[in-house]
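Survey of secondary and tertiary structure
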Amino acid sequence: MSKNFFEIEDVDFNVGGKTKVKNVSFSIENEGDVICLLGPSGIGKTTILRTIAGLEKINKGSIKLNGKLISSKKINIEPEDRNVSLAFQDNSLFPHYTVEKNILLGAERNKEKNGKKISLKEIVDLLDIFHILNKYPHEISAGEAQRASLARSLITQPDLLLLDEPLSNVDQSFKEEIQVRLKKILNQLKITTIIVTHDSYEAFYLGSKCGIILNQELKQFDDPYKVYHFPNSIEVVNFLNRGILIPAKVTGKNTLENWDLGTIEGNFIKEYPKGANVQLLLQPEDLEHDDTSNLKLEVVDRKFRGTNFIYTLKTPSNTLIPVFVHSHHIHQHEVDEKFGIKRPIHIDHIVCF
Amino acid sequence: MKINFWYIISFIISFFVIIPILTVFSSFFENTSNYYQVLKDTFLLEYIFNSLILLLSVLILTFLIGTGSAYLVSFFEFPFSNFFKWALILSFAVPPYIYAYSLTAFFENYGTAYTILKNLFGEANYNQNIPKFDGLFGVILSISFSLYAYVYILARASFLYQPQNLIDLGKNLGFSKFKTLYSIILPAARPAIVAGLSLVAMETLAEFGAVDFFSINTLTTGIYNSWIAFDDLAFANQLSFFLLLFIFALFILENLSRKKARYHMNSRGGFKQKQKIKLSGGKSLMAFTFCFLVFFLSFLFPLSQMMYWTIKFPENLFDLEIINLLINTLYLVVLSSLVLIIFALISNYGNRVTKDKTLNILSTLSISGYAIPGVILAVAFITFIAWFDESVIKTYGFLSIKKVFIGSILGLVIVYFIRFYSLAYNGIKSGYEKINISVDESSYLLGYSKRKTFMNIHIPFLRNSLLFVLILISLEIIRELPITLILRPFNFETFATTAYISASEDLLEAAAVPSLFLILIATSFILVTSKYILRDQNE
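Parameters and conventions
- Residues numbered from 1 in each chain as written.
- Chains lettered and ligands numbered in written order.
- Predicted model: local features only at pLDDT ≥ 70, side-chain atom pairs only at ≥ 80, totals over all residues.
- Helix = DSSP H or I, 4+ residues; strand = E, 2+ residues; numbered from the N terminus.
- Rg over C-alpha atoms; globule rule 2.2 N^0.38 Å.
- Buried ≥ 20, exposed ≤ 12 C-beta atoms within 10 Å, placed from the backbone.
- Contact = placed C-beta atoms within 7 Å.
- Pairing = 2+ DSSP bridges.
- Right-handed = clockwise from strand over helix to strand, strands pointing away.
- Axes fitted to C-alpha atoms, helices over the stretch in contact; angles between N-to-C directions.
- Core = buried A, V, L, I, M, F, W, Y, C linked by C-beta atoms within 7 Å.
- Domains from an automatic or database assignment.
- Nonpolar A, V, L, I, M, F, W, Y, C, P; charged D, E, K, R; others polar.
- Parallel < 35°, antiparallel > 145°, perpendicular 65-115°, else oblique.

Looking now at the overall build of chain B. When you go through chain B residue by residue, the secondary structure sums to 25 helices and two strands. Relative to the globule expectation of 24 Å for 539 residues, the C-alpha radius of gyration of chain B, 24 Å, shows essentially globular dimensions. Going through the 539 residues of chain B one by one, you find that 46% of them count as buried. Long-range contacts, defined as pairs at least 24 residues apart, comprise 84% of the intrachain contacts of chain B with a sequence gap of at least 6.

What follows deals with the overall build of chain A. Scanning chain A from N- to C-terminus turns up eight helices and 19 strands. Across its three principal directions, the C-alpha atoms of chain A cover 70 × 45 × 40 Å. Counting all 353 residues of chain A, 37% fall into the buried class.

All names here are of chain A. With an omega dihedral of -5°, the bond running from arginine 343 to proline 344 counts as a cis peptide bond. Within the secondary structure, proline 344 is located in the loop between β18 (338-341) and β19 (345-350). The phi angle at glutamine 157 is positive, at roughly 45°, despite the residue not being glycine. Relative to the helices and strands, glutamine 157 resides in the loop between α4 (142-155) and β7 (160-164).

Bringing the pairing of β7(A) into the picture now. It is a general feature of regular strands that their side chains alternate between the two faces of the sheet. All names here are of chain A. Most of β7 is tucked away: five of the five residues are buried. Of the two faces of β7, the one carrying Leu160, Leu162 and Asp164 and the one carrying Leu161 and Leu163 are both buried. Pairing between strand β6 (residues 84-87) and β7: four bridges, direction parallel. Along β7, the bridge assignment pairs leucine 86 with leucine 162. Sheet topology note: the β7/strand β8 (residues 192-197) ladder contains five bridges and is parallel. Paired with leucine 161 across the two strands is threonine 193, which belongs to β8. The β-α-β motif built from β7, the intervening helix α5 (residues 172-189) and the parallel element β8 has right-handed crossover chirality.

Right, let's get into the sheet that holds strand β5 (residues 68-72) of chain A. Residue and element names in this part refer to chain A. Taken in spatial order, the four strands make up an open sheet running β2-β1-β4-β5, and their pairing is antiparallel. One side of each edge strand has no neighbouring strand; the edge strands of this open sheet are β2 (18-28) and β5. For this sheet, the mean inter-axis angle between neighbouring strands, taken without regard to orientation, is 30°. Both strand β1 (residues 6-15) and β2 contribute to a ladder of seven bridges, which runs antiparallel.

Judged by nonpolar contacts, the single largest core of 151 residues is most densely connected at Ala378(B), Val415(B), Ala424(B), Leu518(B) and Ala522(B). In terms of residue count, the dominant contributor to this core is helix α7 (residues 135-160) of chain B (16 residues). Once residues lying within four places of it in the same chain are set aside, the contact partners of Ala378(B) are Val415(B), Pro482(B), Ile483(B), Ile486(B) and Leu487(B). With 71 residues, the next largest nonpolar core counts Phe13(A), Ala53(A), Phe88(A) and Ile457(B) among its residues.

Further remarks concern the sheet that holds β19(A). Residue and element names in this part refer to chain A. Overall, mixed pairing links the five strands, which are arranged β14-β11-β12-β13-β19 in an open sheet. Each having just a single partner strand, β14 (277-282) and β19 make up the two edges of the open sheet. Adjacent strand axes in the sheet meet at a mean angle of 45° when their direction is disregarded. Where strand β11 (residues 244-250) meets β14, six bridges bridge the pair, whose relative direction is antiparallel.

Before going further, it helps to spend a moment on the domain arrangement of chain A. The domain architecture assigned to chain A consists of domain 1 (6-236) and domain 2 (243-350). In this structure, domain 1 of chain A and domain 2 of chain A have C-alpha centres spaced 39 Å apart.

In this complex, chain B contributes 16 residues to the contact, which on the side of chain A involves 19 residues. Contributions of two or more residues to the side of chain B that touches chain A are made by α21 (437-445) and α22 (450-479) of chain B. Tallying contributions element by element places α21(B) first for the side of chain B that touches chain A, with six residues. Among the residues forming the side of chain B that touches chain A, the class breakdown is eight nonpolar, six polar and two charged.

All names here are of chain B. In contact at an axis separation of 8 Å, helix α3 (residues 44-75) and helix α12 (residues 219-228) are set at 135° when each is read in the N-to-C sense. With respect to each other, α3 and α12 are oriented oblique. For the pair formed by α3 and α12, the contact residues are Tyr47, Ile48 and Ser51 on the first element and Leu219, Thr221 and Gly222 on the second. Looking at the contact of α3 with α12 residue by residue, the classes come out as three nonpolar, three polar and no charged.

The structure is reproduced here in structure tokens:
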């Protein structure tokens, strides 16, 4: 028998008779783990959550929660009998009740969990919604409604919490603070959670594992660090928008050669035979700036990102390469100027396809 | 699809209501008498012509009165504009046939108009100078002044919820008030206005009391005659089927003309109170005069006429068993409204949770009962019961069930149910459409069962809609005439039937007392609940 707390095995996720995501398998090992699903809009992330919640049915595979089969072709436990809570992306508060009453409706189901029961006050403080408790849903902003909806889901202390883009309407200035608080309370209460988002930074921060959904498939399901540094396909690279792929030839156990950049050394995460032609993933932080270097490329664009600049450089073969430079670096380069790259080029993890 | 309690009960309700429509349709497979030939050679064209003229005139008049007054009270401030806002719905309390009695009473030879002139200017031959509002023109006026409130209420609700931005946009583009009205406000309110007009159209084609009183030959009269004079129910049904087709054709045409235009916007900003324009001088006087005239003609005029006669002929007041009539009327209203609300609510919920296409089609068809004239429904019901009694009950040796259903309260309630199910179903449906489906899903995810979601989430949310529908149905039942006349138990009279019987015996003075009581009860219903009818949450 499987020891995983939550398990999806070979499931096709459908909505309205149309398959959105195929052959999905992943698991959450321990109770209290938080995982994130990332993917572009309309790819079927919400369908996955709705299916796990019991609002959509499956024709293939199985979904198990706490050792119990909750969905399969033959079995579909009703949503109200699953103890799975879903906070919708859009405002799904009961319009005829105040925010407080909405949250308290969730509290009716609240059972003591792992020796701790969360109170209304704790949840209100956590999400900073005291000022809207007596208001009706139509009297509050979209971001406040989202926080109220999140509060209602959290207070139920479900076996599995599903959050659909939980902070998409929350102001940027407030978002990071809420993320920190959310992570803390999920940890404290040991609430197993699946978060759907299109914000990779949110996913990397909140999730102990991240799944990338692209082209109707779960492409990668791994630790955020691995997803970020060791993407397993060109599609994942493109989706995360983490760099560019340049042609290179493997010249040794730890080296490869690019026509524009010369020799590049580092540790291959996968072995390739000497002489193999590969596509090397070059990320902005892989190259270092050096004014004294003889490898000079032309600046075609410069983006200021607060803590850093991203320079876009043009190689002799007209490839555009992004390079990360701390914004404290005194010598700023203008467009059309030459920009030096430190040699020899060393990349910690060499990712090739 | 999962067949559960909600599916089965919704299916039964919808199927039950659809039976008369099937009966009407099945008439095409039955033989008709030679009434068809007689009618074709004589009056059929006249019936069709009269029905068309009646329908078109009423639609134009109710559109002008209903939309015009709704526009004035929604967008402008003028003396008594807040009073007119709810006073203009009082016309609901006056059924077309009572309006017809009032018109006749006032303008007939030696009528109230004559008395007024005589008292003012002394004895003279005023009769030839007093205009006569009878015949087709009288019917048009009676129906229009009684039913324009449908258009008024729906148009006003739509105007009220039009975003202020839309109006500001018109100003920004340099539009005049008139151009803003016809190019922005009216098109945006089109679905609401059409919905109001469709109710008016169905009521007009099914109208019995006023048409009968003024002896106008319409398709409804044809239907009635083919049953009464020729005992030809099949042909009566065929005629009503054509009536139905005619109404559907009108609205399909309207729907097609909309193409892909949308008439609502998704707004996250919620309700924003409109800034009313303050009128002054001549414009203010014109707006006031228009609204006052509509209020006077539709409500004050018939009310005062009936009051005048009640005071002038007080003996009629004592001849009637008022308490008895009141109990009978209220008994029918309360019983029928409750049955309708409960079943329409269950059926709506069943449709929502099962999301089944067959059920949806069945429900859509079942609501067309409103378009079938009450006369036809009553007759079809009697025919069905008689057939069932003869061919099923008696065959198996059971006791006859005729008495249980015909000439009984049960029969009356059943036919009211079929007739007004559309109002109840659609009224509740429009309330339900405001509840996003994710609200239900959230409720399930909070551990609420379907029944608990229905009781704890939906019913509190729908409270205002339910009250609104309850009042609408109550008003319809208080005013209803043909079904009550045909199916009521022996010696069981309501204010409506008493008024009709007196009027048909040419005792208009005697009809005044029950008419007055009918108006007063309906008015009190409207006044108590006007804030729900107007759906004016911010006022």
